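Tertiary structure, described
Letter by letter, the chains look like this.
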Amino acid sequence: MKIRMFARHAALYAGLVGGVLVAGAASAASNSSDSLHFLPMPKVSGGPVKVDGDQQFTIKFGIGLAESSAQYRGVAYFKKIVEQRSNGHIKVNIFPSAQLGDDLQMTSALQSGTAEMTQPSTSPLIKMEPELAVFDLPFLFDNAQQADKVLDGPIGQKILKQITDHKNGLVALGWAENGFRELTDSKGVINSPKDLHGLKIRTMQSPVQLDIWRTLGANPTPMSFAELFTALDQGTVDAQENPWVTILTSKFYEVQSNATATKHVYTPFITLMSERFWQRLPKPYQKLVSTASVQMGNYERKVSRDIDAQAKSELKKKGLKITDLSDSQREAFKKKSEPVYKDFKSKIGEPLFDQVMKATNHPH
């Protein structure tokens with residue numbers, strides 16, 4: 001039943017992930033990404049994994065972002081680990097830039113068995129797994145280390161197990177990072193909620209995102225990412241929000257004068273495998289894939305955070321005026337957005353909501 005419901009909502013949520021996917025494609029086409037340098041891949045640890053027989057397996061691994069992304073670097077490391085430790089008995093073919101479809105389409109391909117792995121953002125999977133809406137809550141995480149603690153600890157591991165146990169044709173193997181979203185605008189410095197009043201801001205078509213910006217006093221306008229640069233240039237919208245890397249590679253600094261380091265939403269990537277394919281793998285290879293997924297996520301996060309810092313520095317060089325909020329200023333945004341938590345508590349469900357609130361030091 002859940003699979004049928006998921007497919008029914010796929011078209012509706014395709015627009016939600018568009019900002020992330022098209023941003024990846026834009027980064028490939030933009031010369032702005034040339035200034036970003038990636039951390040080298042770690043050496044593969046662990047010896048060969050042996051199984052009985054001479055079976056060969058091929059993993060078709062589709063992702064939304066381009067080769068110039070931290071996500072691609074992480075998957076390339078996964079490929080290196082799995083191919084080397086399986087002595088070439090498992091081959092990994094990477095399909096970047098949404099070649100296999102958007103996040104929902106790729107996840108659906110895993111369910112039907114036409115692809116083996118993908119790594120979507122959590123947001124577009126909310127219809128199928130409502131508990132993932134917890135990661136769309138505003139100002140949930142104060143920093144990346146806090147996010148790591150929740151995702152790598154009992155809460156994150158429980159969510160992975162729940163998704164696998166739901167028997168939706170998916171096996172959830174680990175977490176990686178899409179990153180923190182930041183705000184840019186063409187109106188002036190924004191360092192308090194009152195500065196957002198009436199601001200026309202482009203958002204993804206996510207109910208949580210729309211609720212966030214309405215609650216903060218802005219005027220959210222859902223829009224395709226492909227239309228965004230022109231809309232900013234012509235003044236159709238005043239502002240937008242994306243990670244620093246996307247802001248740089250999409251050249252939004254050419255049509256936006258200011259930015260605020262809000263870190264208002266942190267979005268994880270979740271590593272998924274087709275349950276059909278998983279069941280075909282010998283148990284030693286299942287363990288290898290699970291281990292490699294965790295190692296991939298850890299490396300991808302480091303790359304993501306490193307190029308995020310590089311992109312922010314590059315944007316300053318290009319003339320974007322960036323305001324870094326003090327703790328008290330950020331707290332004012334958090335307090336103003338608290339009603340969003342009440343709006344979505346029942347949809348996320350307890351006790352997960354309460355557990356996450358406790359882990360992130362939020363009142364509940």
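The notes below deal with the structure included here. The shown structure was predicted, so the numbers you read here are calculated from the model rather than taken from an experiment.

Moving on: the overall build of the chain. What the chain contains, in helices and strands, is 13 helices and nine strands. Expressed along its principal axes, the backbone C-alpha trace of the chain runs to roughly 65 × 45 × 35 Å. In the chain, which comprises 364 residues, the share counted as buried stands at 58%. Taking the contacts inside the chain whose residues are at least 6 apart along the sequence as the reference set, 77% of them involve residues at least 24 apart. If you sum the accessible surface of the chain, you get close to 15000 Å²; carbon and sulfur atoms cover 51% of it. Distance between charge centres in the chain, computed from 44 positive and 37 negative side chains, equals 3 Å.

Between its first and last C-alpha, helix α5 (residues 154–165) extends 16 Å over 12 residues, near the 16 Å set by a 1.5 Å rise per residue. Every buried residue of α5 is listed here: I155, G156, I159, L160 and I163. The buried residues of α5 all sit within an arc of 140° when viewed along its axis, so they share a single face. In α5, the exposed positions angled more than 90 degrees off the buried face are occupied by P154 and K161.

Next up on the list: the packing of helix α6 (residues 207–215) against helix α12 (residues 338–348). Running from N to C, α6 and α12 point in directions that differ by 145°, and their axes come no closer than 9 Å. Two packed elements cross with a definite hand, and for α6 against α12 that hand is right-handed. Taking contact as the criterion, the partners of P207, V208, D211, I212 and T215 in α6 are, on α12, P339, V340, D343 and F344. Along the lines of polarity and charge, the residues of the contact of α6 with α12 split into six nonpolar, one polar and two charged.

A few words on α12. All buried positions along α12 are accounted for by V340, Y341, F344 and I348. Each buried residue of α12 lies within a common arc of 95° when the element is viewed along its axis, so the set occupies one face. The outward face of α12, more than 90 degrees from its buried face, is lined by the exposed residues K342 and S346. Buried positions along α12 lie against α6 and α13 (352–359).

What follows is about the pairing of strand β8 (residues 258–274). Where a strand is regular, its side chains alternate between the two sheet faces. Counting buried positions along β8 gives 16 out of 17 residues, so the element sits mostly inside the fold. Two strands pair when backbone bridges link them, and strand β3 (residues 117–118) and β8 are joined in this way by two bridges, in the antiparallel orientation. In the strand pairing of β8, M117 is matched with M273. Pairing geometry for strand β4 (residues 170–185) and β8, over 13 bridges, is antiparallel. Its bridge partner being in β8, L170 is matched across the sheet by S274. Two strands pair when backbone bridges link them, and β8 and strand β9 (residues 321–324) are joined in this way by four bridges, in the parallel orientation. Bridging across to β9, A261 finds its partner in D324.

Rules of the game
Once a new chain begins, its residue numbering starts again from 1 and follows that chain's sequence as written. Predicted model: local features are reported for residues with pLDDT of at least 70 only, side-chain atom pairs are reported and counted for 80 or more only, and whole-chain, interface and lining totals are derived from all residues. To get the side-chain values, take all heavy atoms of the structure and skip hydrogens and water. In this description a helix means any DSSP run of H or I spanning at least four residues, a strand means any run of E spanning at least two, and both kinds are numbered starting from the N terminus. Buried, partly exposed and exposed residues are distinguished by accessible area as a fraction of the type maximum, computed with a 1.4 Å probe on protein chains only: under 20%, between the cut-offs, and over 50%, respectively. In this description, contact between two residues means that some pair of their heavy atoms is separated by no more than 4.5 Å. Every accessible area reported is derived by Shrake-Rupley at a probe size of 1.4 Å, with residue values counting cover from the shown protein chains alone. When charges are counted, Lys and Arg are positive and Asp and Glu negative, with His and the chain ends excluded. Throughout, a charge is located at the NZ atom of Lys, the CZ atom of Arg, the CG atom of Asp or the CD atom of Glu. Helix span, as expected, comes to 1.5 Å for every residue beyond the first. Each C-beta atom gives one direction from the helix axis, and the arc is the one those directions make. Fitted lines through C-alpha atoms serve as axes, helices being fitted only where they are in contact, and the angles separating the N-to-C directions of these axes extend from 0 to 180 degrees. Helix crossings fall into two classes, left-handed where the near helix is turned counterclockwise from the far one by less than a right angle and right-handed where it is turned clockwise. Each residue gets one of three labels, nonpolar for Ala, Val, Leu, Ile, Met, Phe, Trp, Tyr, Cys and Pro, charged for Asp, Glu, Lys and Arg, and polar for the others, Gly among them. Two strands pair under a simple rule: DSSP has to find at least two bridges between them.

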